[in-house]
Amino acid sequence: MIRRFGSPPEAGRIYTPRPGAYAILPREGQLLLTVQMEEQPDIQLPGGGIDPGETPVSALHREVFEETGWRIASPRRLGVFRRFVFMPEYDLWAEKICHIYLARPTRQIGPPLEEDHEVIWASPSTAADLLGNPGDRHFAGLYQRLLSGP
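Computed from a predicted model, the values in this text were never measured in an experiment.

Engineer: So, the sheet that holds strand β5 (residues 47-49): which residues are in play, and what are the values?
Structural biologist: With mixed pairing, the four strands of this open sheet are ordered in space as β5-β1-β7-β6. Whereas interior strands pair on both sides, the edge strands pair on one side only; in this sheet they are β5 and β6 (70-87). Sheet twist, expressed as the mean angle between neighbouring strand axes with direction ignored, is 20°. Pairing of strand β1 (residues 16-24) with β5, which is carried by three bridges, proceeds in the antiparallel orientation. When the sheet's bridge partners are listed, Ala21 is paired in β5 with Gly48. Relative to the sheet, helix α1 (residues 56-68) contacts β1, β5, β6 and β7 (92-108), its axis offset from that of β6 by approximately 90°. Relative to β6, helix α3 (residues 134-148) is tilted by about 145°, and along the sheet it contacts β1, β6 and β7.

Engineer: Help me get a handle on the side chain of Glu95, residues and values and all.
Structural biologist: Assignment of secondary structure puts Glu95 in strand β7. If we ignore the near neighbours within four places in the chain, the residues touching Glu95 are Tyr15, Thr16, Pro17, Arg18, Arg82, Arg83 and Phe84.

Engineer: Describe in detail the pairing of β1, supporting the description with residues and values.
Structural biologist: With nine bridges connecting them, β1 and β7 associate as parallel partners. By the bridge assignment for β7, Tyr22 is matched with Ile100.

Engineer: Can you lay out α3 for me, pointing to particular residues and giving the numbers?
Structural biologist: Its 15 residues give α3 an end-to-end C-alpha distance of 21 Å, which sits within 8% of 21 Å, the value for a rise of 1.5 Å per residue. Inspection of α3 places Gly135, Asp136, Phe139, Ala140, Gly141 and Tyr143 among the buried residues, and these make up the whole buried set. A distance of 2.9 Å separates the backbone nitrogen of Gly135 from a side-chain oxygen at the start of α3, and that oxygen is part of Asn133.

Engineer: Pulling in residues and values, what's your account of the nonpolar core?
Structural biologist: Counting residues in hydrophobic clusters, the biggest one holds 19 residues, and the most contacted among them are Ile24, Leu31, Leu33, Leu45, Phe81, Ile100 and Leu131. Not counting chain neighbours up to four residues away, the residues in contact with Ile24 comprise Leu31, Leu45, Leu78, Ile100, Tyr101, Leu102, Ala103, Phe139, Ala140 and Tyr143. Among the nonpolar cores identified, the runner-up in size contains 12 residues, and Ala23, Ile50, Trp70 and Ile72 belong to it.

Engineer: Describe the pairing of β6, listing the residues and the values that go with them.
Structural biologist: As defined by bridge partners, β6 adjoins β7 across 15 bridges and the pair is classed as antiparallel. Note on β7: the bridge partner recorded for Val85 is Ala94. In sequence, β6 turns back onto β7 through a hairpin of four residues, with Asp91 there showing a positive phi of about 50°.

Engineer: If you had to explain unusual backbone geometry to someone new, which residues and values would you point to?
Structural biologist: Unusually for a residue other than glycine, Glu28 sits at a positive phi of about 50°. Here Glu28 lies in the loop between β2 (26-27) and β3 (30-36). What makes Glu28 exposed here is its relative accessible area of 74%. Within the chain, Ser74 stands out as a residue other than glycine whose phi angle is a positive 55°. Relative to the helices and strands, Ser74 resides in strand β6. In this structure Ser74 comes out as exposed when scored by relative accessible area, which is 53%.

Engineer: Quick rundown of α1? Include the residues and the values.
Structural biologist: The end-to-end C-alpha distance of α1 is 18 Å, a good match for the 18 Å that 13 residues give at a rise of 1.5 Å each. Every buried residue belonging to α1 is among Ala59, Leu60, Glu63, Val64, Phe65, Glu67 and Thr68, and all of these are buried.

What counts, and where the lines are drawn
Numbers given for residues are sequential positions, taken from 1 along each chain in its written order. Reporting in this predicted model follows two pLDDT cut-offs: at least 70 for local features of residues, and 80 or more for side-chain atom pairs to be given and counted; totals over whole chains, interfaces and linings ignore these cut-offs and use all residues. Heavy atoms throughout the structure, all of them, feed into the side-chain values; hydrogens and water do not. Only strands joined by at least two bridges in the DSSP assignment are considered to pair. A run of H or I in DSSP counts as a helix once it spans at least four residues, and a run of E counts as a strand once it spans at least two, with each numbered from the N terminus. Simply put, an axis is a line fit to the C-alpha atoms, just over the touching stretch for a helix, and the angle between two N-to-C directions goes from 0 to 180 degrees. Here, residues are in contact when the closest pair of their heavy atoms is within 4.5 Å. Helices are assigned an expected span. That span is 1.5 Å times one less than the residue count. With a 1.4 Å probe rolled over the protein chains alone, any residue whose accessible area is under 20% of its type maximum counts as buried; one over 50% counts as exposed, and the rest are partly exposed. For the purposes of these results, a polar contact is taken to be a pair of N or O atoms within 3.5 Å, where, inside protein, one atom must be able to donate a hydrogen and its partner to accept one; residues adjacent in sequence count only when each atom of the pair is a side-chain atom. Residue types Ala, Val, Leu, Ile, Met, Phe, Trp, Tyr and Cys, when buried and joined through side-chain atoms within 4.5 Å, form a set referred to as a nonpolar core.

In C-alpha cells:
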C-alpha cells in the first residue's frame, strides 16, 4: 500500500492515476526547489509527470531540467507517496503517485524552461517548512534526519 498524504479521495469522484518523479536536490548545504507561480506561489520539489513510455528516471531528468534549468546525476529512489488533488492546468482530478529520488544537481544550463517556474535554494530545515504539500515536506524532513544521523 502506498502511503497517502493530504486529503482522502472524495466518495464517488473518479481520479485519474498520474505518476510522477520528483527529487530532493542537495548542493552545498542547500536544497534546490522550484516555485510554481500561479495565483498563489507554490514551492515544490522539482519534478513532474511521467509521460507514456517514459521511465521514472528519464522523466525526472526531463522535468528537473524543464522546471529548474539544472542537469542532475546519480538519482537514487527514496520512496513513494500518493495524494488526491484537482489539477487545474489539466482540468483533472488526479491520484498523483509521487516517486521521490535523491539526486545531485551538477550544472545549471540556463533558467527554467517553464515560464511559470522560478528556482529557489533553501536549507533542508527551511525547505521542510516551505514546501507546499505534506508529502514533499515529509521527504525533505526525512532527508534532514538522514543528514543528522542516528
